[in-house]
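Survey of secondary and tertiary structure
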Amino acid sequence: MIGFAVGQLVVGPLSDKIGRRMPLIVVTALHVLASIAAAVVPDLLLLSAARVLMGIGAAAGGVVAMAIVRDLFGGRRLVVMLSRLALISGVAPVVAPLIGSALLEVMEWRGIFIVLACYGAVMFVSTIVFIPETLPKARRQDQATTTVWQRYKSVLSDRVFLGVLVIGGMTFSGLFSYLSASPFLFQQLHGLNAQQYGLLFAANSLGLVIGVQAASRLAARFGPQWVLAFSTGMLLVAGSAIIVTDQMGLGLWGTVIPLFVFMTACGFTFPCMQVLALDRHGKAAGTAASILGASNNGVAAIISPVVGLISAGAGITATTMAVVMVGCSVVAILALWLIVRPRTVAMLTP
């Protein structure tokens, strides 16, 4: 996760300066090579190093994709297109656990890295063949007159963008608290096997997809800032419900149902925060996307292990997981109303 965050901070500004296509090609190649290395390294230290490089290599896909969409669209169309992008991204957590658990039935864990290398190679070839350059040379020349630090300063001096950073980081942290705790919670505490856990994870991830698609229509009509007002409150209610149902001893379904609501609220949040961040910074879309992505993943990488620290000695429960989710939701709500201030944000142009 830290490699993924750092990689975005490098690739995003670079894509503003030299174009979108070449950084995407080069860094995707790094991901393929790092995946192969992860499959053959002899010890945990080298595996961890390879995983960091995999994260750096994967960073280009996330940040450059958002920048490409911003190059091509703005206003309400940007909401629709970012939602479509988020829908495609939402398919990954639905399908990936099922594929991973199925692969472990026929190969050892190293084989998964070989599969990832092959998948990365397909992305590498697809980029070369199908992805055009969306940042014209004229706009690159404009970027050449400013330094990376000037572009960072321009983006980070925007109050709304800073508030969106906090909301995004907290939402991702709540989501990754669930991701880091769920194998222990559902497989060890509730006794699900790998295949059952994969199906449950996929079902919950469908809430993310539903939220993303609903958000595109609502944000275009009411404004992304007001959808965030609804979704952040929904995050808090769902996280609190998990604590209540767990303390009442309602078992597996008492956790799964409010967790589905939490995932749906995440789906409402993600495209709206991307729109608020990118619509205001079309001339530095790569830089804005890199800061947003790095903040989301970097903060999540730091906060999500807090579940394990809270659970030390007693083991992970739905309550210990949800305490972190609720805390993150509260911070996101405060950032929305005290920093972003929805009433001061203009409605999107057509």
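Residues numbered from 1 in each chain as written. Predicted model: local features only at pLDDT ≥ 70, side-chain atom pairs only at ≥ 80, totals over all residues. Heavy atoms only, no water.

**Let's talk about the packing of aromatic side chains**
How two aromatic rings sit relative to each other is set out by the distance from centre to centre and by the angle between their planes. Worth spelling out the cut-off: Two rings from Phe, Tyr or Trp (for Trp, the six-membered ring) form a pair when their centres are within 6.5 Å of each other. A pair whose planes differ by under 30 degrees is stacked, one over 60 is edge-to-face, and the rest are tilted. Each helix is a run of H or I in the DSSP string that is no shorter than four residues. Each strand is a run of E no shorter than two, and both are numbered from the N terminus. In this scheme, a residue with accessible area under 20% of its type's maximum is buried, one over 50% is exposed, and one in between is partly exposed, where area comes from a 1.4 Å probe on protein chains only.
This model, assessed by the stated rule, comprises eight aromatic pairs. A ring pair is formed by Phe-172 and Phe-176, whose centres lie 6.0 Å apart and whose planes are at 20 degrees; its orientation type is stacked. One end of the pair, Phe-172, and the other, Phe-176, are both in helix α8 (residues 159–189), four residues apart, so they sit about a helical turn from each other. The pair formed by Phe-172 and Phe-176 is uniform in burial state, with each residue classed as buried.

**Quick word on the nonpolar core**
Rules: Residues enter a nonpolar core if they are buried and are Ala, Val, Leu, Ile, Met, Phe, Trp, Tyr or Cys, with the set joined through side-chain atoms within 4.5 Å. It only takes one pair of heavy atoms within 4.5 Å for two residues to be counted as in contact.
Counting residues in hydrophobic clusters, the biggest one holds 74 residues, and the most contacted among them are Val-164, Tyr-178, Phe-186 and Met-321. Per-element tally for this core: the top contributor is helix α11 (residues 251–278), with 14 residues. Apart from residues lying up to four places away in sequence, Phe-186 is in contact with Tyr-178, Gly-191, Leu-192, Tyr-197, Leu-200, Leu-252, Thr-255, Val-256 and Leu-259.

**Describing the packing of helix α9 (residues 194–222) against α11**
Where we set the bar: Interaxial angles span 0 to 180 degrees and are taken between N-to-C directions of axes, which are lines fitted to C-alpha atoms, for helices over the stretch in contact. We call a crossing left-handed when the near helix sits turned anticlockwise from the far one by less than a right angle, and right-handed when that turn is clockwise. Gly is put with the polar residues, along with every residue not named as nonpolar or charged; the nonpolar set is Ala, Val, Leu, Ile, Met, Phe, Trp, Tyr, Cys and Pro, and the charged set is Asp, Glu, Lys and Arg.
Viewed as axis vectors pointing N to C, α9 and α11 meet at an angle of 35 degrees, and their least axial separation amounts to 7 Å. In terms of crossing hand, the pair formed by α9 and α11 is right-handed. The residue makeup of the contact of α9 with α11, split by class, is 20 nonpolar, six polar and no charged.

**Observations regarding α8**
Keep this limit in mind: The span one expects for a helix is its residue count, reduced by one, times 1.5 Å. To get the bend at any residue, fit one axis to the seven residues that end at it and another to the seven that begin at it, then take the angle between the two axes. Pairing of N or O atoms within 3.5 Å defines a polar contact, subject to two protein rules: one partner must be a possible hydrogen donor and the other a possible acceptor, and residues neighboring in sequence count only if both atoms are side-chain atoms.
Here α8 is 31 residues long and its end C-alpha atoms lie 43 Å apart, about the 45 Å a rise of 1.5 Å per residue gives. Of all bends in α8, the biggest is about 50 degrees, found at Ala-181, and the proline Pro-183 comes one to four residues later. Sitting at the head of α8, Asp-158 places a side-chain oxygen 3.1 Å from the backbone nitrogen of Val-160. Just downstream of α8 lies Gly-191, where phi reads positive at about 75 degrees.

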